[in-house]
Amino acid sequence: MLVPVEWLREYADFDLAPEDLAERLTLSGLEVEEITEVEGEKVFSTYVTPNRPDQLSVVGVAREVSALLRTAFKPPKPEFSEGDTSASELATADIESPVNCPRYSARVVTGVKVTESPQWMQKRLIQGGMRPINNVVDSTNYVLMELGQPLHAFDYDLIADHRIIVRQANPGERITTIDGEERSLDPEILVIADPKRAVAIAGVMGGFDSEVGCSTKNVLLESAHFNRLSIRRTARALGMSTEASYRFERHVDPELTVYALDRVAQLIQQTGGGTIAKGIVDNYPRKTEPLV
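Thresholds, definitions, all that
- Residues numbered from 1 in each chain as written.
- Predicted model: local features only at pLDDT ≥ 70, side-chain atom pairs only at ≥ 80, totals over all residues.
- Heavy atoms only, no water.
- Pairing = 2+ DSSP bridges.
- Helix = DSSP H or I, 4+ residues; strand = E, 2+ residues; numbered from the N terminus.
- Buried < 20%, exposed > 50% of the residue type's maximum accessible area, 1.4 Å probe, protein only.
- Polar contact = N/O pair within 3.5 Å; in protein donor to acceptor, adjacent residues only side chain to side chain.
- Core = buried A, V, L, I, M, F, W, Y, C linked by side-chain atoms within 4.5 Å.
- Contact = heavy atoms within 4.5 Å.
- Phe/Tyr/Trp six-rings, centres within 6.5 Å; stacked < 30°, edge-to-face > 60°.
- Axes fitted to C-alpha atoms, helices over the stretch in contact; angles between N-to-C directions.
- Salt bridge = Lys/Arg side-chain N within 4 Å of Asp/Glu carboxyl O.
- Parallel < 35°, antiparallel > 145°, perpendicular 65-115°, else oblique.
- Left-handed = near helix turned anticlockwise from the far one by under 90°.
- Nonpolar A, V, L, I, M, F, W, Y, C, P; charged D, E, K, R; others polar.

Undergrad: Give a detailed account of the sheet that holds strand β12 (residues 198–201), specifying residues and quantitative values.
TA: The 5 strands lie next to each other as β5-β8-β11-β12-β13, forming an open sheet whose pairing is mixed. In the strand order of this sheet, the two ends are held by β5 (92–95) and β13 (205–206), each with one partner.

Undergrad: Pulling in residues and values, what's your account of the side chain of S117?
TA: Examined against the element boundaries, S117 turns out to sit in the loop between β6 (103–110) and α5 (119–127). Here S117 falls in the buried class, since its relative accessible area comes to 4%. A polar contact of 3.4 Å, which involves the side chain of S117, links it to the backbone oxygen of N134. Polar contacts involving the side chain of S117 include one to the side chain of D138, which spans 2.5 Å.

Undergrad: Please provide a residue-by-residue account of the pairing of strand β14 (residues 219–225), values included.
TA: Here β14 lies mainly inside the structure; 7 of its 7 residues are buried. Side chains of β14 alternate between two faces, with V219, L221, S223 and H225 and L220, E222 and A224 buried alike. With 7 bridges connecting them, β6 and β14 associate as antiparallel partners. Note on β14: the bridge partner recorded for R103 is H225. Where strand β7 (residues 152–155) and β14 come together, 4 bridges link them in antiparallel fashion. Of the residues in β14, the one forming a bridge with D155 is V219.

Undergrad: Quick rundown of the nonpolar core? Include the residues and the values.
TA: Judged by nonpolar contacts, the single largest core of 46 residues is most densely connected at L8, L25, F44, V65, V136 and L221. Where this core is concerned, the elements lending two or more residues are α1 (5–9), α2 (18–28), α3 (58–69), α5, α6 (135–147), β14 and α9 (256–272). With residues up to four places along the chain from it excluded, the contact list for F44 reads M1, L2, V3, V5, P18, L21, A22, L25, V32, E34 and I35. Formed by 40 residues, the second largest nonpolar core is a distinct cluster that contains A91, A169, L220 and L238.

Undergrad: Before we move on, could you go through the packing of aromatic side chains and cite the residues and values that matter?
TA: Applying the stated criterion across every chain, the model contains 3 aromatic pairs. Taken together, a centroid distance of 5.1 Å and an interplanar angle of 70 degrees make the contact between F226 and F248 edge-to-face. Placement of F226 in the loop between β14 and α7 (228–238) and of F248 in helix α8 (residues 243–250) is noted, with a sequence separation of 22 residues between them. Taken together, the ring pairs in this structure connect W7, W120 and Y142 into an aromatic cluster.

Undergrad: Outline the sheet that holds strand β3 (residues 41–47), listing residues and values.
TA: With antiparallel pairing, 3 strands are arranged side by side in an open sheet as β1-β3-β2. Of all strands in the sheet, those bounded by a partner on one side alone are β1 (2–4) and β2 (31–38). On average, each strand axis in the sheet is inclined to that of its neighbour by 30 degrees, with strand direction left out of account.

Undergrad: Residues and numbers for the side chain of T177, please.
TA: Among the secondary structure elements, T177 is positioned in the loop between β9 (174–176) and β10 (182–184). Only 2.5 Å separates the side chain of T177 from the side chain of D179, close enough to count as a polar contact.

Undergrad: Any details on the pattern of salt bridges? Residues and values, ideally.
TA: Counting across every chain of the model gives 20 salt bridges. Taking the shortest distance from any N to any O, the salt bridge between E64 and R52 comes out at 3.1 Å. Within this pair, whereas E64 is found in helix α3, its partner R52 is found in the loop between β3 and α3, the two being separated by 12 residues in sequence. Exposure remark for E64: the relative accessible area of 16% places this residue in the buried category. Accessibility expressed as a relative area gives 26% for R52, which makes it partly exposed. The partner of R163 in a salt bridge is D94, and the shortest N-O contact between them spans 2.8 Å.

Undergrad: So what about the packing of α6 against α9? Which residues, and what values?
TA: Orientation of α6 relative to α9, taken along the N-to-C sense of each, is 140 degrees, at an axis distance of 9 Å. Between α6 and α9, the angle falls in the class oblique. Classified by chirality, the crossing of α9 by α6 is right-handed. Only L256, Y259, A260, R263, V264, L267, I268, T271 and G272 of α9 make contact with α6, whose side of the interface consists of N135, V136, S139, T140, Y142, V143, E146 and L147. Looking at the contact of α6 with α9, its residues break down into 10 nonpolar, 5 polar and 2 charged.

It is worth stressing that arrangement in space is one thing and function is another; only the former is reported here.
As structure tokens, this is what we get:
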């Protein structure tokens, strides 16, 4: 994983030079394989062992730094204003496959201006190896890097009946993903759908027909927890590996969904305005026990 050092400083206090911090982290078990300079700043390239998926985020590494150096840990605290209309009035989410999707959380933001992201956000995405697209998509990718929770933004007005259904794919079902590729699905693959068709391959990639673009005004934000074995099977079957699937295959804390939604809603409102609907849609039929 790529970890911009200056971003790391926002969440952990340290006075060490990047080279010294890298050595301390490597000795503690989080191997810094290389230090590069991107956009004029130092970036760690880390090797994260399979048993430490919590380190697949800037905040996760910051927590490690704070524990190692016994300094303050300062995770982001989302702050934003909400409108009068509740999210549950604007959208619904049904889970038909709770084994493969124990939790599905969503927020709705209306009246958004889709535009270029601010330079500070673009810079951090580039440092993390990601390509800036627009302020809405970039905000979801920023939070993925920051917190380790993959998110997806749908054009709310392109979701039929504004209803999300999490289900297994139908035999022979097809979807064109946001990379422009048409993909054939089977019932082993979990999809995010509306009442008419699949709109995303769960935990892997969104669909082309519901993606956020220049004409988007209203956004439905997804933050879900998926069964890691299901995502691994899907990624292998389709020959796809994404930043989202990489994390879901290794386990993402189900308690992150709402926190990540709040953070991405804050960033979207900050960069594109809009009204954040009151509260969240949160379907959590199979509560997951903490690992420790």
